[in-house]
Amino acid sequence: MQADLPEPALRLAFDEDALCANWKALDRLSGNARAGAAVKANGYGTGAARASRVLHDAGCRDFFVAHWSEVPQVIAQVPPAQVSVLHGPRNEGDAAFARASGVKPVINSLAQAQRWLASGGGRCDLMVDTGMNRLGVSLGELDHEAVQGLDVDVLLSHLVASEEDGAHNERQQEAWAAACGTVRHARASLANSAGIMLGPDYHGNLTRPGIALYGGIARPEMASDIRQVVRPLAAVLQLRDVSAGETIGYNATFTAPRSMRVATVALGYADGYLRCWSGKGVLRAPCGEPLPVLGRVSMDLTVIDVAAAPSLREGDWVEVPFDLPYAAQVSGLSQYELLTTLGRRFGA
Ligand SMILES: *Cc1c(COP(=O)(O)O)cnc(C)c1O
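Per an unreviewed UniProt entry, the chain is named alanine racemase, and its organism is Novosphingobium aureum. In the Cofactor (unreviewed entry) part of its UniProt record, the chain is described as follows: "pyridoxal 5'-phosphate". Under the UniProt heading Catalytic activity (unreviewed entry), the entry covering the chain gives this text: "L-alanine = D-alanine".

1. Topic: the UniProt feature "domain: Alanine racemase C-terminal" (unreviewed entry) in the chain
Listed under "domain: Alanine racemase C-terminal" (unreviewed entry) in the UniProt record, and renumbered for this structure, are residues 229–347. Helix makes up 12% of residues 229–347 and strand makes up 30%, while its end C-alpha atoms are separated by 15 Å.

2. A closer look at the domain arrangement of the chain
With domains assigned, the chain is organised as domain 1 (15–214) and domain 2 (230–340). A C-alpha centroid distance of 38 Å is found between domain 1 and domain 2. When domain 1 packs against domain 2, close to 590 Å² is buried across both sides, 72% of that on carbon and sulfur atoms. Broken down residue by residue, the surface that domain 1 buries against domain 2 is led by Tyr44, Ile211 and Tyr214, which jointly contribute 66%. At the boundary of domain 1 and domain 2, one finds zero salt bridges.

3. Here's the deal with the nonpolar core
Leu55 and Leu126 are the most contacted members of the largest nonpolar core, which totals 93 residues. When we break this core down by domain, the ones giving at least three residues each are domain 1 (15–214) and domain 2 (230–340). When neighbours within four sequence positions are excluded, Leu126 is seen to be in contact with Val106, Ile107, Val137, Leu142, Val147, Leu150, Val152, Val154, Leu155, Leu156 and Val183. Membership of the second largest hydrophobic core comes to eight residues, among which are Val242, Ile248, Phe254 and Ala256.

4. As for the packing of helix H1 (residues 16–29) against helix H3 (residues 48–58)
Packing of H1 against H3 brings their axes to within 9 Å, and their N-to-C directions diverge by 55 degrees. One way to sum up the angle between H1 and H3 is to call them oblique. In this structure, H1 crosses over H3, and the sense of that crossing is right-handed. Between H1, through Glu16, Leu19, Cys20, Trp23 and Lys24, and H3, the contact on the second element is made entirely by Arg50, Ala51, Arg53, Val54, Leu55 and Ala58.

The rules we used
- Residues numbered from 1 in each chain as written.
- Predicted model: local features only at pLDDT ≥ 70, side-chain atom pairs only at ≥ 80, totals over all residues.
- Heavy atoms only, no water.
- UniProt positions renumbered as here; feature names shortened; annotations may be inferred.
- Helix = DSSP H or I, 4+ residues; strand = E, 2+ residues; numbered from the N terminus.
- Domains from an automatic or database assignment.
- Buried area = accessible area lost by both parts, 1.4 Å probe.
- Salt bridge = Lys/Arg side-chain N within 4 Å of Asp/Glu carboxyl O.
- Core = buried A, V, L, I, M, F, W, Y, C linked by side-chain atoms within 4.5 Å.
- Buried < 20%, exposed > 50% of the residue type's maximum accessible area, 1.4 Å probe, protein only.
- Contact = heavy atoms within 4.5 Å.
- Axes fitted to C-alpha atoms, helices over the stretch in contact; angles between N-to-C directions.
- Parallel < 35°, antiparallel > 145°, perpendicular 65-115°, else oblique.
- Left-handed = near helix turned anticlockwise from the far one by under 90°.

Below is the structure:
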């Protein structure tokens, strides 16, 4: 007989209403276009299955993952025809899986176009490179018969720096518009989260927000429309008293200047609380008191100063402040990294 797992020592409080509201706000900001959703990388670390379900209920009908391995979680929640795989068919196996599952491959090169056609073809999306030089068919290749022979649903391109103003956005928009005139397609798509704020010329028929769905502020002007979605919480495993002169954690990077009450919490770099927070992060007690990180963050544990919360007990939950723009500024990580590095040990 298998024993039931006890309560986890890490929780990711997830606000489904906020995710739903963020999608609706982005859909509205997308004007005449509909908003889709990037749910790759496990829904930016927040859980792809749950995110897909909530987004589908909100009205989203276009979902983007990167890897084929990410498909099962998403199609358990939404119809396969609404799912696109950004990496495209690398080989015959990928193409066969696309046909069998009913998801759309994103075609990124002439070779992928030929592979998809050779496997029988069918509905697909087409990524056109307009300056990223990462994935995508080049503009000069668009009149190739393999590209012209595709049954393209979404013709997409991806902006290199939509969170910044500059000529690069306009150049890419013009190249994408030209590509749209060259290849037959049902719908056109250019904007990611930040790109939505660049205005109607960037919207086409479909936008592809990711980070902003999950609470990231991709451009300052969207801050008032976007709500925080996830809050990581960690359990206090142990309280201890440390005397003046003692050190805390690996490599003894912190020496207690006086006797201190400290707490050890069940959170470490394996959970996405990376070592950049060492000696710098501040967790929060249940009533909001600040609990500064002492010494190094280790793989599974972090030690905090609990002087501000004398009533804190073993078993209590402390919160990792997750205001993404602020956390990014303090840690030096991007808002994307803060979310996608969240580990696999969080419970609901
Ligand atoms: C990840 C991704 C997105 C979403 O980008 P955000 O900046 O997170 O909004 C959109 N399109 C493509 C092709 C992507 O790879």
